Amino acid sequence: MATAGLPAAPGGVRLASSAGRWVLACSVLGSGMAMLDGTIVNIALPRIGEDLGASLAALQWTVNGYLLTLAGLILLGGGLGDRYGRRRVFTVGVVWFALASALCAIAQDAGMLIASRALQGVGGALLTPGSLALVQSTFRPEDRAKAVGAWSGLGGVAGAVGPFLGGWLVDGPGWRWIFFINVPLGAVVLLIAARHVPESRDRQASGSFDVAGAALAALCLAGITYALISASSRPSLLGVGLPVLAGVLCGAAFLRTERVRAHPMLPLDIFSSRLFTAMNVVTLCLYAAIGGVFFLLPVQLQIAAGYSALRAGLATLPVTALMLLLSAPAGALSQRIGPRLPLTAGPLVAAAGMLLLTRISPGTSSYLVDVLPAVVVQGLGMSLFVAPLTATVLASVEVDHAGVASGVNNAAARVAQLLVVAALPLAVGLSDHAYTSAHAVNAAFGRAMGICAGLCAAGAALAAFLVPSRTVLAEGAPDTAEPQCAPNCGFSSPPLEPGSQRSV
């Protein structure tokens, strides 16, 4: 067993050893905290709104406060561990996430909850890439791919449990416990890390961190998000126009900063690959659709259909279960037949499932007839495209850029969900406290599913025209672009993939 605070043994740790199992448990529990949060909070939104007297805009910010800081900082968070120590930065992220969760749990009003959620996203940006970095840097080369696969699969279980656990907590001890649960879980992770996880860092890391780039990216997203949410609740020239202008200016400054920095957070030359750029546009379409569904579906089930939080959580369980079971076989299929067909057919199948969700309405009594077919079809479609999407992203860049490419693709998915949560209520005419009306929610939900299905269809059309029928590897790309994180059910984003191994 590695001694805490000392480097790992030369050659790395064996996965089958006691030390290897402790490291894997630590990284899975840490990333599981963030994955749970990605699936558990949406189930609680109606109850949070009722308890705090929150408007729909406040509930949008409850989701987006977290996504904003997570998406803006996740690329930066990965580099901090390489420089200052992967275990150190990971444990800082766990502590930060747990403390912010405690603040969410004791929030007395919507403003405090939103601010705490934004802090939670900072912790998530540190621990999410940090948990993968621990696995990638600790295990010996011959065990590394298997360890990363186990990390992905076991983390997926946490995501699958999230809706059920969230519903049970909301209906039982109350919605605050969906945040309180992270405190003892974080304490367990810290204990394991202190006793069983060796420290490692990249001895060759150099250059300053792109803090300015991260700040400008977050401000750009914040300005546009604020404008979209304001437009649906209290539209005014000042409340909408000024944030949009500020967001656009920050976005332009971000691009200029990334272009001139020696060590940018987002190396813009990676977009010289047309396939990589196309896949990120497809990602934006598909994950915007997914984000829209999982933001409004729990509200529709609870407010319009009269489900309890637990029943609403269980209703979506087939989606995560199917993704966990079928994503790896779908990735293998894509390797044999090429990515175009899965990336075209998968979104179309998911779009059909989204349209079937419109059968849910006030008075819906049959889960087997009205809900289950829709979530099964949607889950089958998502299972078909998630792994091929990641594989095509990895194949579009050189192997040395694989980690950065995966991080960019992961961030793009989170940005898509951030923007759709802000824009969708505006597009379907749902605002303020209308989300408490079964009639208003049902009418808006039907229109929203049409929009989400359209986004999936747009992603399918782009894939059909822009993705090659066979995987075309970029110069310097690995001989196979099969994702190491094959088993997954993270519908909030594509799985993070490790880049080339750095020195420990």
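Here goes a summary of the coordinates provided. (Residues numbered from 1 in each chain as written. Predicted model: local features only at pLDDT ≥ 70, side-chain atom pairs only at ≥ 80, totals over all residues. Heavy atoms only, no water.)

## Re the overall build of the chain
Each helix and strand counted, the chain has 16 helices and 0 strands in total. Taken over the C-alpha trace, the chain has a radius of gyration of 21 Å; the compact-globule value for 504 residues is 23 Å, and the two agree within 12%. Counting every position in the chain, which comprises 504 residues, the buried fraction comes to 57%. Within the chain, contacts between residues at least 6 apart in sequence are counted, and of these 85% link residues at least 24 apart. Total accessible area on the chain stands at roughly 18,600 Å², and carbon and sulfur atoms take up 67% of it. (Helix = DSSP H or I, 4+ residues; strand = E, 2+ residues; numbered from the N terminus. Rg over C-alpha atoms; globule rule 2.2 N^0.38 Å. Buried < 20%, exposed > 50% of the residue type's maximum accessible area, 1.4 Å probe, protein only. Contact = heavy atoms within 4.5 Å. Areas by Shrake-Rupley, 256 points an atom, 1.4 Å probe, with all protein chains shown as cover.)

## Let's talk about helix H4 (residues 110-138)
In this model, H4 (29 residues) spans 41 Å end to end at C-alpha, consistent with the 42 Å of a helix rising 1.5 Å per residue. Among the 29 residues that make up H4, 24 are buried, leaving the element largely enclosed by the rest of the structure. At the N-terminal boundary of H4, the capping side chain belongs to Asp109, with an oxygen 3.2 Å from the backbone nitrogen of Gly111. (Expected span 1.5 Å × (residues − 1). Polar contact = N/O pair within 3.5 Å; in protein donor to acceptor, adjacent residues only side chain to side chain.)

## Looking at the packing of helix H3 (residues 86-105) against H4
Close contact between H3 and H4 brings their axes to 7 Å; oriented N to C, the two are set at 155°. Between H3 and H4, the crossing angle belongs to the class labelled roughly antiparallel. Judged by the twist between their axes, the crossing of H3 over H4 is left-handed. (Axes fitted to C-alpha atoms, helices over the stretch in contact; angles between N-to-C directions. Parallel < 35°, antiparallel > 145°, perpendicular 65-115°, else oblique. Left-handed = near helix turned anticlockwise from the far one by under 90°.)

## Side note on unusual backbone geometry
Here Asp432, not a glycine, exhibits a phi torsion of approximately 50°, which is positive. Considering the arrangement of structural elements, one finds Asp432 in the loop between helix H15 (402-428) and helix H16 (438-466). Taking relative accessible area as the criterion, Asp432 reaches 31% and is therefore assigned partly exposed.

## Comments concerning the packing of aromatic side chains
Enumeration over the complete set of coordinates arrives at 5 aromatic pairs. Between the aromatic rings of Trp177 and Phe180, the centroid separation amounts to 5.2 Å while the plane-to-plane angle is 55°, which identifies the pairing as tilted. Taken together, the positions of Trp177 and Phe180, both in helix H6 (residues 177-180) and 3 residues apart, correspond to about one turn of that helix. You can call Phe180 partly exposed: its relative accessible area is 27%. Residue placement shows Arg311 over the ring face of Tyr307; its charged tip is 3.9 Å from the ring centre. (Phe/Tyr/Trp six-rings, centres within 6.5 Å; stacked < 30°, edge-to-face > 60°. Lys NZ or Arg CZ within 6 Å of the ring centre and 35° of its normal.)

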